[in-house]
Amino acid sequence: MLSSLSSFWTSSLLFCMGPLLHCGEAEVLTKVQAGPLYRMAGSRLSISCNVSGFIDVSVQKDFQFRVTKPITAKELNIISTSDPQFGYTVYRNRGNDITLSHVTPNSVLFEIQSLRKDDEGKYNCFVVNPYSVYEGTYDATTDVKVIDNSLSVSSTDLTRLSHNEGEALTLTCRVSSDTIQHTHLSVAWYVHRENQDNAQLILSLDRDFTLRPGQEFQGRYQAGFIRLDKVGGATYRLTMEQLEVSDRGRVYCQAQEWIQDPDLSWYSLALKTAGETTLDVKGRELVPDKSSVVVVRLSAQQLSLREGQELLLTCSVDTQNLEEKFFSVAWHRAGVEMARIGPTGVLSVRPEYSWREKQGELRASRIGDGDYRLVLQPVSTDDQGEYMCRVWPQERGQRGAFVQGAAQDSISLQASISATESDLSLTCTPALITNINSDITIKCSVASSRPGLSRYAVTWILQKPAQNVIIASSDRDASVKFGPTVNVVHGQRISVRRTEGPSFELTIRDTETSDQGAYVCEVVEWLQNSRGKWHRLTSAYGSTQLTLSKPVNDLRLDTTETWLSAREGDEVQLKCDLITETSGPPLFYQLTWFYTGRGSPAVNNQLLELDRSGMLRYPRNEGLHGLQRRLRLSRHKPSSFGLEIQRVHERDSGTYHCRVEQYQLGLHGQWQQKASVDGVPIMLSVNVTDNNLSIIQKELEFNVSTEQNFTIPCHVGSRSSQESKFQVTWFWQEESHSTRYPLFTSYRNSTLHDRAGWGERLRRIFGHDSPNHFALTVSKPTLAESGLYSCEVQEWLPTLSHGWRKVGVENSGYSTVTVYSQGQNDPLSGCYSGMLICVFVAIVLCFLLVIFVLVLKLKRAKASSKKSGQSLWKEQHHLKQRTEEL
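By convention here, each chain's residues receive numbers from 1 onward along its written sequence. Whole-chain, interface and lining totals are the exception, using all residues; otherwise, since this is a predicted model, local features are given only for residues with pLDDT of at least 70 and side-chain atom pairs are given and counted only at 80 or more. Where side-chain values are given, they derive from all heavy atoms of the structure, hydrogens and water being excluded.

A. Region of the structure containing the overall build of the chain. Scanning the chain from N- to C-terminus turns up nine helices and 64 strands. Summary of the burial criterion: residues with accessible area below 20% of their type's maximum are buried, those above 50% are exposed, and those between are partly exposed, where the area comes from a 1.4 Å probe applied to protein chains only. Counting over 886 residues, the chain shows a buried share of 42%. Here the accessible surface of atoms and residues is derived via Shrake-Rupley with a 1.4 Å probe, and residues count as covered only by protein chains that are part of the display. Of the accessible surface of the chain, which amounts to about 48,800 Å², a share of 51% is contributed by carbon and sulfur atoms. Secondary structure follows DSSP: runs of H or I at least 4 residues long count as helices, runs of E at least 2 residues long count as strands, and numbering of each begins at the N terminus.

See below:
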């Protein structure tokens, strides 16, 4: 209960004081292991995440991990340090396979013990902010790619081998991988002895091409008894000279595939082991000497040597009365005698060894009764092989001459002489990132304990996913040779040289995309012995990862006009202006204008192209031929690539855009593209004319007789174009019907058409007094021609692409016409007379009604006056006065 209260008050205090605490700290920064992280299915995934910027560094932060799958693009909750129910069910069901644990209060480690193929995605680490103020970055994302395990390890050796002590053992192991990412392989041999828990490393070739012996085998490796060689592209061979009884056990080969993450750390993608070989080593059986014969023994101070060391062979002779006897002693290598000491102690050597004997490199002498010594120093790899000592007893005759007895041979000893190990230290910049088309220099510095005595051969290798490519090499005499795949052009771009240090430099000018990859510098040290012969020592390797990226595209275009409207026949200017100021080497530009017609299935048709040499070209396109003839490139300044369309047509409507490519001339005369940018699309709309047609006409009423005429006007508004031509049609319809009947049409070419068949009555009187004023006069109408009259006007304009085109239609209001016979009064005047009579009759009737009412009241007054006389008189008096007034 107390802990709960304490936690509550701590959380509350942090929440309340969070803004105050946050004011004194830096911005929050969340970092996650950089990606992409390539991991194999079934392997373990580890992602570290840490946060900085909080002032309370000792308070443990809450972290959350989410993933966005590449297919669904939906973010899924995986796990949280504080909420067990945070993750989706599919992740919670995986139990301890997915963990998130604190390394420090401000960092966590997210792990998936066994990756699945569908675990691929973008992983987001989010730190929960305990405060109300947000300042900084509270999450970070890394990309995880799950690839298949293609590592293959196999061995063709027998599952059980038996050897005698001192014999040699050779084992092979085949290792390959089909991973398309750039990976390194490491190969190692182990022996698992009986009654030992752990296997012991014999010798390994690490991912950085370094040989590393196990602790128990280090001495034998240094002596040259153990070595590991790569044979071909995928076969590795382990050789163990002079087997020992302690080598018994289960021997196997193990390979690992490594990949370098973006943070330059190496990660083991996969580990596989080949089948085991059970090795049995039998000890030697000692044969006791017999006193009746000469026993010869050969011993060596050391049989595993490096070049330059001393080989000391002692031949010991044992027999009865040794001090009284004479012997001839000879040393053999590979069955060929090298040197011999006669019974009188005189040394003789084989002719091919005489030079070495004179130089003091070969020495032989008797060092005591029965002991003879041969010394070779310095030794070379040519001196390795099988050595034997042969002894002849010598009996002195009466005249002092010696008689040679039967020869006795010693057992053979195998001397192994390895090339002197180079103590080179290279290593090279691990990574180099630069832009395409730039010059780069990869430097490989060498350190040696024998300055001035060694020479070096250098080979530069470019590692590609499919194969390794030899770029260039120089031998110990500094003779440079380019690889078989490097052509003449590449040879002009690539150079190698040696500088003081010594250091070796590979320079690539005008880098291309194909130059990207891992460059391995293989350095071989050569040492000259006292006989003037050069011996190759161990190789050393260094690797530099070259990453090429496109330069930042600072090419910008000013395309402020994205929508243009024009009338047919106008000139249109399309802008394409650079707004980038460049410096440095001269730059050249290539321009292309593209066009997509409105509603056309063909898109991005090339209109014209201005190449980097200034030559203007019109790509052939039958559908655009008419447009291309009216194009003109407008360059009022070097950074302008405008396009002018002359006498624009309606069918020129559509979308236009320009593309500007920036080029630079390389060192060897080749063009290099630096940048490319497309302009914003410009939508052009070409109209024949605006629809400004209008009819100015008031609604009129006509009352005409059959002997009169009436005129229906039709005036067109003044907003129409001066090039406009009009077609006018007059219509008639009955007042009670909506159907219109055409009467007469005047076409734009002044052709007249009597649509109603009224004949000469219309033609004779048609005319118009101005270009936009039209009128139709009907003479002597019939009674049936009463009704509603109107006109319709069509405006026509000449166009460049379609000839004459109708651009507008307007209808006028209605004019009412009433026709009456010649002998009748005007219906309206008769109506007016009738109205006056009606008004007069109404007034008379109203007057008579008033009199009737007064008379009726007078009668009632007389009847009531009989009851009250004066009162009635007064009423009569008033009535009389009113009557008089009336």
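Don't stop here, the text continues.
B. Inspection of the pairing of strand β51 (residues 654-665) at higher detail. In terms of residue burial, β51 counts as a mostly covered element, since nine of its twelve residues are buried. Two strands qualify as a pair provided that DSSP identifies no fewer than 2 bridges between them. Here strand β46 (residues 588-597) runs beside β51; their pairing, made up of ten bridges, is antiparallel. Within β51, the position partnered with Gly 597 by the bridge is Gly 654. In terms of strand pairing, β51 meets strand β52 (residues 671-678) through seven bridges, oriented antiparallel. Counted as the bridge partner of Arg 659 is Asp 678 from β52.

C. Spatial organisation of unusual backbone geometry. In this structure, the amide linkage connecting Gly 35 to the following residue, Pro 36, adopts the cis form with an omega of 5°. Mapping Pro 36 onto the fold places it in the loop between β1 (29-32) and β2 (37-40). Residue Pro 378 is bonded to the preceding Gln 377 through a cis peptide linkage, with omega at 0°. On the secondary structure map, Pro 378 appears in the loop between β28 (371-376) and β29 (385-396). Positive phi, close to 70°, is recorded for Leu 264, a residue that is not glycine. As for its position among the elements, Leu 264 is in the loop between β18 (249-260) and β19 (266-273). The backbone of Ser 750 shows a phi angle near 70°, a positive value even though the residue is not glycine. As for its position among the elements, Ser 750 is in the loop between β58 (741-746) and β59 (752-754). Residue Ser 750 is classed as exposed on the basis of its relative accessible area of 59%.

D. Geometry of empty space enclosed by the protein. Counted as a void, the largest cavity has a volume near 50 Å³. The way it works is a 1 Å grid over only the protein atoms, where trapped points that fit a 1.4 Å probe form a cavity and open points with protein on both sides within 12 Å along at least five of seven lines form a pocket, and then any residue with an atom within 4 Å of a point lines it. In terms of lining, the largest cavity is formed by Ser 155, Asp 157, Leu 171, Thr 172, Trp 189, Val 251, Tyr 252, Cys 253, Ala 274, Gly 275 and Thr 277. Elements supplying a minimum of two residues to the lining of the largest cavity: β12 (169-176) and β18. With three residues, β18 is the largest single contributor of residues to the lining of the largest cavity. Basically, the charged four are Asp, Glu, Lys and Arg, the nonpolar ten are Ala, Val, Leu, Ile, Met, Phe, Trp, Tyr, Cys and Pro, and anything else, Gly included, counts as polar. Residue composition of the lining of the largest cavity, grouped by class: six nonpolar, four polar and one charged. Grid points are joined across faces, edges and corners, and a volume is the space filled by probe spheres set on the points.

E. Up close: the sheet that holds β2. Read across the open sheet, the five strands follow the order β2-β9-β8-β4-β5; overall the sheet is mixed. The open sheet has two edge strands, β2 and β5 (75-80), and neither has a second partner. Strand-to-strand twist across the sheet, computed as the mean angle between neighbouring axes with direction ignored, equals 30°. Where helices are involved, their axes are fitted lines through C-alpha atoms of the stretch in contact, as for all axes, and angles between N-to-C directions lie from 0 to 180°.

F. Representation of the environment of Arg 761. Its location among the elements puts Arg 761 in helix α7 (residues 760-763). Exposure remark for Arg 761: the relative accessible area of 18% places this residue in the buried category. Considered as a pair, Arg 761 and Lys 780 are 19 residues apart in the sequence and their alpha carbons are 7.7 Å apart. Here, two residues are considered to be in contact whenever any of their heavy atoms come within 4.5 Å of each other. Leaving out residues up to four positions away in the same chain, Arg 761 has contacts with Thr 777, Val 778, Ser 779, Lys 780, Pro 781 and Glu 785.

G. The pattern of salt bridges, seen in detail. For this document, the term salt bridge refers to a Lys or Arg side-chain nitrogen within 4 Å of an Asp or Glu carboxyl oxygen. Under the criterion given, the structure shown has 29 salt bridges. Between Asp 261 and Arg 39 there is a salt bridge, and its shortest N-O distance comes to 2.9 Å. Placement of Asp 261 in the loop between β18 and β19 and of Arg 39 in strand β2 is noted, with a sequence separation of 222 residues between them. For the pair Asp 261 and Arg 39, one class covers both residues: buried. Put simply, Arg 493 and Glu 512 hold a salt bridge, and the shortest N to O gap is 3.8 Å. Note that Arg 493 is positioned in helix α5 (residues 488-493) and Glu 512 in the loop between β39 (503-508) and β40 (517-528), a separation of 19 residues in sequence. What you see here is one network of salt bridges that share partners, running through Arg 94, Asp 97 and Asp 119.

H. Structural detail: the packing of aromatic side chains. The criterion for an aromatic pair is that two Phe, Tyr or Trp rings (for Trp, the six-membered ring) have centres within 6.5 Å, with stacked assigned to planes under 30 degrees apart, edge-to-face to planes over 60 apart and tilted to the rest. Evaluation of the coordinates by the stated rule reveals twelve aromatic pairs. Connected via pairs of aromatic rings, a cluster forms that spans Phe 65, Phe 110 and Tyr 123. Comment: the charge-over-ring label is applied if NZ (Lys) or CZ (Arg) is within 6 Å of the ring centre and within 35 degrees of the ring normal. The ring of Trp 258 is capped by Arg 207, whose NZ or CZ atom sits 4.5 Å from the centre of that ring. Across the ring face of Tyr 663, the terminal group of Arg 612 is positioned such that the distance to the ring centre comes to 4.5 Å.

I. The sheet that holds β39, seen in detail. On the basis of which strands lie adjacent, the open sheet formed by three strands has the order β34-β39-β38 and antiparallel pairing. Two strands lie at the open edges of the sheet, namely β34 (440-445) and β38 (494-499), each paired on one side alone. Strand-to-strand twist across the sheet, computed as the mean angle between neighbouring axes with direction ignored, equals 20°. With six bridges joining them, β38 and β39 adopt antiparallel strand pairing. Bridge assignment links Ile 494 to a residue of β39, and that residue is Ile 508.

J. The arrangement of the state of the cysteines in detail. Disulfide assignment relies on a single distance test, namely cysteine sulfur atoms paired within 2.5 Å. For the coordinates displayed, the defined rule picks out five disulfides. Here Cys 49 pairs with Cys 125 through a disulfide, and the sulfurs are 2.0 Å apart. A torsion of -85° about the S-S bond marks the disulfide between Cys 49 and Cys 125 as left-handed. Within this pair, whereas Cys 49 is found in strand β3 (residues 45-52), its partner Cys 125 is found in strand β8 (residues 121-127), the two being separated by 76 residues in sequence. Disulfide partner of Cys 173: Cys 253, at an S-S distance of 2.2 Å. Taking the torsion about the S-S bond as the criterion, the Cys 173 to Cys 253 disulfide, at about -75°, is left-handed.

K. How the structure looks around a nonpolar patch on the surface. There is a patch of nonpolar side chains on the surface, built from Ile 837, Phe 840, Val 841, Val 844, Leu 845, Phe 847, Leu 848, Ile 851 and Val 855 and spanning about 830 Å² of accessible area. Checked against the element boundaries, Val 844 lands in helix α8 (residues 827-865). By relative accessible area, Val 844 is classed as partly exposed at 32%. The patches described consist of residues with a relative accessible area above 30% and no salt bridge, like charges being joined within 9 Å and nonpolar side chains (Val, Leu, Ile, Met, Phe, Trp, Tyr) within 5 Å.

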